[in-house]
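Residue strings, one per chain:
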Amino acid sequence: MTRILVVEDEAKVARALRDGLGAEGYDVVLAAAGEDGLSLAGSGGFDLVVLDLMLPGRDGIEILSELRRSGDLTPVLILTARDTVSDRVGGLDAGADDYLVKPFAFAELLARIRALLRRGRPESSPRLALADLEVDAAGRTATRAGRTLALTALEFTLLEFLLRHQGQVVSRGMIARDVWNEPARGTPLNNVIDVHIMRLRRKVDQEADVRLIHTVRGVGFVMREGEP
């Protein structure tokens, strides 16, 4: 059974999430404080973490940052009442895989959860490569010049998408549709996508002699060896 850790200090919201997700067949564990959430998340055994930002003790960003620093790549969905661009960028930059603003429709939460869980269960597929970058799509591992890249679930899916389209310019709309599974929404994902591309480029290209991820102004992005 899929196990989900919900770190949420509002008792009413936490109970609603536990009951709703439980009715969908998920095994849900609740934590109401930051330290408890970090301890449970760090113990492993969870397929997904639903994390509120405003928590007593350690806040959600601290928990998320600590998990990522320890090498824990469990998908994390942030829940928060804060919806400024800086809040979203801060959460994603800390290593979140997705971001949902309160109040939200439970159906949307379920869709986001299913999308994140799918990213952790890839179908068997061949290895992908470009220059000294190698990706094992089935094993969900990526290396550059033999160096293992510490990618979140969403970063890996984004890298795999770019590699499968290497040499081809992909638009933000294509990425929103095929990586985020959101072909249409009221607020474009452009800022969120740009943040993830920036983080992915930092991990893939920062210590390499040849850049592989390039921005094509006004169009999108392309993955290729050398400047486009």
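None of the values given here were measured: they were computed from a predicted structure.

Q: Kindly report on the sheet that holds strand 10 (residues 170-171), identifying the contributing residues and their values.
A: Read from one edge of the open sheet, three strands run 10-12-11, paired in antiparallel fashion. With one partner strand each, in any of the chains shown, strand 10 and strand 11 (213-216) form the two edges of the open sheet. Direction of pairing for strand 11 relative to strand 12 (residues 220-223): antiparallel, over a ladder of four bridges. When the bridges of strand 12 are listed, V216 appears paired with G220. Sitting on the sheet, helix 8 (residues 190-205) touches strand 11 and strand 12, and the angle it makes with strand 11 is about 145°.

Q: Run through helix 8, naming residues and quoting values.
A: Its 16 residues give helix 8 an end-to-end C-alpha distance of 21 Å, which sits within 8% of 22 Å, the value for a rise of 1.5 Å per residue. Buried within helix 8 we find V192, I193, V195, H196, I197, R199, L200, V204 and D205.

Q: Tell me about the nonpolar core, and name the residues and values.
A: L159, I175 and M223 are the most contacted members of the largest nonpolar core, which totals 51 residues. The element best represented in this core is helix 6 (residues 153-164), accounting for seven residues. L159 has contacts with L133, V135, A142, L151, L200, V204 and M223, leaving out every residue within four places of it along the chain. Membership of the second largest hydrophobic core comes to 16 residues, among which are L21, V50, L110 and L116.

Q: How would you summarise the environment of D72 if you had to cite specific residues and measurements?
A: If you trace the backbone, D72 turns up in the loop between helix 3 (60-69) and strand 4 (76-80). Note on D72: relative accessible area 15%, which makes it buried. Placed 79 residues apart in sequence, D72 and L151 show a C-alpha to C-alpha distance of 9.7 Å. Non-local contacts of D72, meaning those with residues more than four positions away in its chain, are made with A41 and L67. Separated by 2.7 Å, the side chains of D72 and T74 make a polar contact.

Q: Describe the sheet that holds strand 9 (residues 147-148), listing the residues and the values that go with them.
A: Spatial strand order, 6-7-8-9: four strands in an open sheet with antiparallel pairing. Of all strands in the sheet, those with a lone pairing partner are strand 6 (127-130) and strand 9, marking the two edges. Alignment of strand 7 (residues 133-136) against strand 8 (residues 141-144), held across four bridges, turns out to be antiparallel. Opposite L133, over in strand 8, you have R144 as the bridge partner. Where helix 6 meets the sheet, its contacts fall on strand 6, strand 7 and strand 8, and the angle it forms with strand 7 comes to roughly 115°.

Parameters at a glance
Residues numbered from 1 in each chain as written. Predicted model: local features only at pLDDT ≥ 70, side-chain atom pairs only at ≥ 80, totals over all residues. Heavy atoms only, no water. Pairing = 2+ DSSP bridges. Helix = DSSP H or I, 4+ residues; strand = E, 2+ residues; numbered from the N terminus. Contact = heavy atoms within 4.5 Å. Axes fitted to C-alpha atoms, helices over the stretch in contact; angles between N-to-C directions. Expected span 1.5 Å × (residues − 1). Buried < 20%, exposed > 50% of the residue type's maximum accessible area, 1.4 Å probe, protein only. Core = buried A, V, L, I, M, F, W, Y, C linked by side-chain atoms within 4.5 Å. Polar contact = N/O pair within 3.5 Å; in protein donor to acceptor, adjacent residues only side chain to side chain.

These values are about where atoms sit, not about what they do.
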